[in-house]
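Structural overview for review
The lines below spell out each chain.
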Amino acid sequence: PGSTCNELWSDYVEKYVLNSAISEVSATANYDAATRTISVPTTVRYALNAEDQNINLFAVLIEQDVPAIYQVNGFSSIGSDVLLPWSAGGEYAQSMVFNFNYEDVARATWGSTFLGTSGLLPSSITAGQEYKVDDILFTLPKDTDIKPNDCQVIVMMFDANTGKYINAVRTAKIGADPTGIN
């Protein structure tokens, strides 16, 4: 005996994604070349009044188009239809892959823990009111190959009492047209 399920995992994901967010988070990333600092002014707004909140913010600095010298392809010798085109017989089934760029390379994190930093938002939230946070900063080392104009920041909100994700935003690339599609 076993159990049967009429729904697929993707059905559960779709239900979760279609839920309306109770909050909105927006952010921009700005670079000051003189101080080598990326600042991320962030705004949070809730749709409902909320009491006894413990909301943390966490941020990740990511870089796009990071050149790779090569990447080892561990799937190249495995025969698997699921892993195509990277597995044996596939279009990219070389043991070493050259001349490509990495995307979404995490360069730094901001937050006192991986659930973020507390105390930036009040415990009593008023619906529709904007709460501004100007504390998110990343300082780039002097001898780094990070290209600020290829960077973005992902700002995430967590319920610190439960550890549950609330909402997130990804900024445009620094210096990019904010009306462009990312």
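The text that follows walks through the structure, step by step, so that each part is easy to find.

Here is what the cut-offs are and how they apply
Residues numbered from 1 in each chain as written. Predicted model: local features only at pLDDT ≥ 70, side-chain atom pairs only at ≥ 80, totals over all residues. Heavy atoms only, no water. Buried < 20%, exposed > 50% of the residue type's maximum accessible area, 1.4 Å probe, protein only. Helix = DSSP H or I, 4+ residues; strand = E, 2+ residues; numbered from the N terminus. Pairing = 2+ DSSP bridges. Axes fitted to C-alpha atoms, helices over the stretch in contact; angles between N-to-C directions. Salt bridge = Lys/Arg side-chain N within 4 Å of Asp/Glu carboxyl O.

Here's the deal with the pairing of strand S11 (residues 151-159)
Burial runs high along S11: seven of the nine residues are buried. Pairing of strand S5 (residues 55-63) with S11, which is carried by nine bridges, proceeds in the antiparallel orientation. Bridged to Leu61 within S11 is Val153. As defined by bridge partners, S11 adjoins strand S12 (residues 164-170) across six bridges and the pair is classed as antiparallel. Within S12, the position partnered with Asp159 by the bridge is Lys164.

Notes on the sheet that holds strand S1 (residues 23-27)
Read across the open sheet, the three strands follow the order S1-S4-S9; overall the sheet is antiparallel. Two strands lie at the open edges of the sheet, namely S1 and strand S9 (130-133), each paired on one side alone. Here the strands of the sheet are splayed against their neighbours by 20 degrees on average, with no regard to which way each runs. As paired strands, S1 and strand S4 (residues 42-46) are joined by five bridges and run antiparallel to one another. When the bridges of S4 are listed, Ser26 appears paired with Thr43.

Overview of the sheet that holds S12
Strand order across the open sheet formed by four strands is S8-S5-S11-S12, with antiparallel pairing between neighbours. Each having just a single partner strand, strand S8 (105-110) and S12 make up the two edges of the open sheet. Adjacent strand axes in the sheet meet at a mean angle of 25 degrees when their direction is disregarded. Here five bridges tie S5 to S8, and the two strands are oriented antiparallel to one another.

Considerations on the pattern of salt bridges
Enumeration according to the criterion identifies seven salt bridges in this entry. Salt-bridge contacts for Glu24 lead to Arg45; the nearest nitrogen and oxygen are separated by 2.6 Å. A residue pair is termed long-range when its members are at least 10 positions apart, and Glu24 in strand S1 and Arg45 in strand S4 qualify at 21 residues. According to the relative accessible area criterion, Glu24 is partly exposed, its value standing at 40%. For Arg45, a relative accessible area of 32% gives the class partly exposed. Residue Glu130 pairs with Lys132 through a salt bridge whose shortest N-O separation is 3.3 Å. Where salt bridges share partners, they join Glu63, Arg107 and Asp145 into one cluster.

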